[in-house]
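# Descriptive analysis of the structure
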Amino acid sequence: MYTSLILLASSNTIYVLSVCVAILAFMLIAECNTKKLRKLIDLLSTENMMIIKTADNTQKIINKAPGPKPLPIIGNLAVLDGYEVPYQAFNDLSKKYGNIITLQLGSVPALVVNGLENIKEVLIYKGQHFDGRPNFRRYHQLFCGNKENSLAFCDWSDLQKMRRDMLVPHTFPRNFSTRHNQLNEIVTDHLETMLNEFSTKKTLDIKPIILQTCANIFMKYFTSKSFDTNDQDFQRLISNFDKIFYEVNQGYAADFLPFLQPLHRNNMKRMAQWSEEIRNVILKCIVEDRFENWQEGDEAQDYLESLIEHVKSEALPKMDWDTALFALEDIVGGHAAVGNFLIKIFGYIAVRPDIQCKIQSEIENTLNSHERESNAIEIGDRNRMPYTEAVIMESLRMISSPIVPHVTNQDTTVAGFDVPKDTLIFLNNYDLNMNPKLWTQPETFTPERFINASGSISKPDHFMPFGSGRRSCMGYKICQMLAFTLLANTLNKFDVVTVENQNYKVQCGSLAMPEETYQLHFVARQ
């Protein structure tokens, strides 16, 4: 579920690189014929129609999408500088070059895809051409030297399809099925701990409490294990997952300029250490002896046991135990995405008490009109509470977390332009979420935009926060279910009040939050 990647190009990095480029350019000019060099750069960078030789030595005309002329070495990295969200640069570039834009980001060829129909072409109509993932060294480092161990960052394969298929019954439980009811019970059980924490202190740093709650819900649902919140192994597990989630949501110039990678050596070592510590806790506290004691004919009770059953039975496609453990870590680590998202929702509503009042009114109507054993909002209440659902959707829209970039696995086309194999594809869903031609006053937080005249939830086609097609986010439904339930039950018990001298601006362009986030008051409702 590390489904969010943002490309950051810091001003300092660009200035340093520009100096490097100037020095290198001076050296090149001193040794080369300047006119020939310029002619070569012009030929490679400015012509949309190019003639190349294919493997069989025949000529082929390439219809290349337009784009800015790349600089030596750094390519077009500088055009992303100066924006709060680098994807905003894609909007400006589209005004000059159109919806399909060619970029050269250091050593990596890239294509920016703007516009709903063009994005659908990549994700849906030709999804089988665009199902690779970036080959960044960081991703390999995070997954023991091979990004193919990851569910989110691997390229498409039969093994990848099987891992996704195994997840579907768990992450997309049918309404009122056994798993659906099981998840509802687990959420209700762990809600009490979170709400008790909210009531004990006047001012709270909310991130640790929310991450602990989300982690225990994920652990119990997917592995049948849960932790005491004071358990040191549990706290280390949560911290490492959160640091990795933050890390994969960053972008570094070294991803595109390999010669800068030595500068990140210490960071890479830290990432490897986090991953190793996560694996140790998973084996010690969650798996324990369940793999060794599994017998043929045993019935899998959770996702972990489904993985054990697949490995032990040698079902096809075969999956070794190490790969299965990575799949388990990927899905239980998804709690970090849900927790960080929920924190951002609290950031939006803390400064909007009118929205809290509307949610609380909806809660009261739901509790009063449907009998239940406890005075708690359940997952099954989502259809009865469209405004609360709309608040979650509006939060997703405003955050505009980027769709994880795709990579072409073959030569293909987009909107009539030729796209070579191994091209990095950026899908500009920021424009889909913030374009004034698609939304009325897109800069304002307005949940009502997702509610139609009949009072039901209505999502436009251009709203796709979790992607679409064969590489869509596998955890989006469980993310929405947990965000709904935890938000609604918090507002059932409390008003969320800001703390003086705190900044509650919600950064867009990524779900990930830094270690220190918002402090809030939770004032008990009468």
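Remember, predicted model here, so these are calculated numbers, not experimental data.

About the thresholds
Residues numbered from 1 in each chain as written. Predicted model: local features only at pLDDT ≥ 70, side-chain atom pairs only at ≥ 80, totals over all residues. Heavy atoms only, no water. Helix = DSSP H or I, 4+ residues; strand = E, 2+ residues; numbered from the N terminus. Buried < 20%, exposed > 50% of the residue type's maximum accessible area, 1.4 Å probe, protein only. Contact = heavy atoms within 4.5 Å. Areas by Shrake-Rupley, 256 points an atom, 1.4 Å probe, with all protein chains shown as cover. Core = buried A, V, L, I, M, F, W, Y, C linked by side-chain atoms within 4.5 Å. Pairing = 2+ DSSP bridges. Axes fitted to C-alpha atoms, helices over the stretch in contact; angles between N-to-C directions. Phe/Tyr/Trp six-rings, centres within 6.5 Å; stacked < 30°, edge-to-face > 60°. Lys NZ or Arg CZ within 6 Å of the ring centre and 35° of its normal. UniProt positions renumbered as here; feature names shortened; annotations may be inferred. Polar contact = N/O pair within 3.5 Å; in protein donor to acceptor, adjacent residues only side chain to side chain. Parallel < 35°, antiparallel > 145°, perpendicular 65-115°, else oblique. Nonpolar A, V, L, I, M, F, W, Y, C, P; charged D, E, K, R; others polar. pLDDT = per-residue confidence, 0-100.

### Considerations on the overall build of the protein chain
Across its full length, the protein chain holds 18 helices and 11 strands. Within the span of the protein chain, comprising 526 residues, buried residues form 54% of the whole. Relative to all contacts within the protein chain whose residues are 6 or more apart in sequence, the contacts with residues 24 or more apart total 72%. As presented, the protein chain carries roughly 23,900 Å² of accessible surface, and 50% of it is formed by carbon and sulfur atoms.

### Here's the deal with the nonpolar core
Counting residues in hydrophobic clusters, the biggest one holds 142 residues, and the most contacted among them are Phe346 and Leu487. With 15 residues, the next largest nonpolar core counts Leu111, Ile119, Phe130 and Leu427 among its residues.

### A closer look at the sheet that holds strand β6 (residues 406-407)
Ordered by their spatial adjacency, 4 strands build an open sheet running β3-β4-β9-β6, and the pairing between neighbours is mixed. Two strands close off the open sheet at either side, each with one partner strand: β3 (100-105) and β6. Where β3 and strand β4 (residues 108-113) come together, 6 bridges link them in antiparallel fashion. The residue of β4 that forms the bridge with Gln104 is Pro109. Across the face of the sheet, helix α3 (residues 87-97) comes into contact with β3, β4 and β9 (424-427) while running at roughly 125° to β3. Lying over the sheet, helix α4 (residues 116-125) contacts β3, β4, β6 and β9, oriented at roughly 130° with respect to β9.

### Quick notes on the environment of Met398
Looking at the element boundaries, Met398 is found in helix α16 (residues 386-399). Residue Met398 is classed as buried on the basis of its relative accessible area, which comes to 11%. Once you skip the residues sitting within four places of it in the chain, Met398 turns out to touch Tyr348, Pro442, Glu443, Thr444, Phe445 and Cys508.

### With respect to the side chain of Arg290
Within the secondary structure, Arg290 sits in helix α11 (residues 290-293). Look at Arg290 and you get buried, because its relative accessible area is 15%. Leaving out residues up to four positions away in the same chain, Arg290 has contacts with Thr223, Ser224, Lys225, Asp302, Leu304, Glu305 and Ile308.

### Quick word on the packing of aromatic side chains
Applying the stated criterion across every chain yields a total of 24 aromatic pairs. An angle of 85° between the planes, with centres 6.1 Å apart, marks the rings of Tyr87 and Phe426 as edge-to-face. With Tyr87 in helix α3 and Phe426 in strand β9, this pair connects stretches of sequence that are 339 residues apart. The burial state of Tyr87 is the same as that of Phe426; both residues are buried. Taken together, a centroid distance of 6.0 Å and an interplanar angle of 80° make the contact between Phe494 and Phe522 edge-to-face. Of the two residues, Phe494 is situated in strand β10 (residues 494-498) and Phe522 in strand β11 (residues 519-524); the sequence distance between them amounts to 28 residues. Note on accessibility: Phe494 and Phe522 belong to one class, buried. Above the face of the Phe291 ring, Lys312 is positioned so that its terminal group lies 4.7 Å from the ring centre. One residue, Arg397, lies across the ring of Trp439, its end atom 5.3 Å from the ring centre.

### Concerning the sheet that holds β11
Strand pairing in a sheet is mediated by backbone hydrogen bonds. Such pairs are either parallel or antiparallel. The sheet built from 3 strands is open, its strands ordered β5-β11-β10 with antiparallel pairing. Only two strands of the sheet have a single neighbouring strand rather than two, namely β5 (204-205) and β10. Inspection of the sheet shows β10 paired to β11 by 5 bridges, in the antiparallel sense. When the sheet's bridge partners are listed, Val497 is paired in β11 with His521. On the sheet, helix α18 (residues 476-493) packs against β10 and β11 and is oriented at approximately 95° with respect to β10.

### Quick notes on the UniProt feature "binding site: heme" (unreviewed entry) in the protein chain
Taking the numbering used here, the UniProt-annotated feature "binding site: heme" (unreviewed entry) corresponds to Cys473. Inspection of the secondary structure assignment puts Cys473 in the loop between α17 (429-434) and α18.

### Some points on the side chain of Thr388
Relative to the assigned elements, Thr388 resides in helix α16. Among the polar contacts made by the side chain of Thr388, one reaches the side chain of Glu362 at a distance of 2.7 Å.

### Some words on the pairing of β3
Taking burial as the measure, the 6 residues of β3 include 5 buried ones, the bulk of the element. Hairpin geometry of β3 and β4 is characterised by an intervening segment of 2 residues between the two adjacent antiparallel strands and by a positive phi of about 60° at Gly106.

### Describing the packing of helix α9 (residues 232-248) against helix α14 (residues 335-350)
Running from amino to carboxyl end, α9 crosses α14 at an angle of 75°, the nearest separation of the two axes being 9 Å. Between α9 and α14, the interaxial angle falls into the category roughly perpendicular. Taken together, the residues of α14 that come into contact with α9 (itself represented by Ile238, Phe241, Asp242 and Phe245) are His335, Ala336, Ala337 and Asn340. For the contact of α9 with α14, a count of residues per class yields 5 nonpolar, 2 polar and 1 charged.

### Here we look at the confidence of the model for the protein chain
When pLDDT is averaged along the protein chain, the result is 90; 89% of the residues meet or exceed 70. pLDDT under 50 marks residues 1-13. Its contacts with residues more than four places away, or in other chains, come to 59 contacts. Low pLDDT, under 50, characterises residues 21-47; the stretch is placed with 17 contacts to residues that sit more than four places away or in other chains.

### What to know about unusual backbone geometry
The step from Leu316 to Pro317 runs through a cis peptide bond, and the omega angle for that step is -10°. Looking at where Pro317 falls in the secondary structure, it is placed in the loop between α12 (303-313) and α13 (321-332). One non-glycine residue, Glu314, lies in positive phi territory at about 55°. One can find Glu314 in the loop between α12 and α13.

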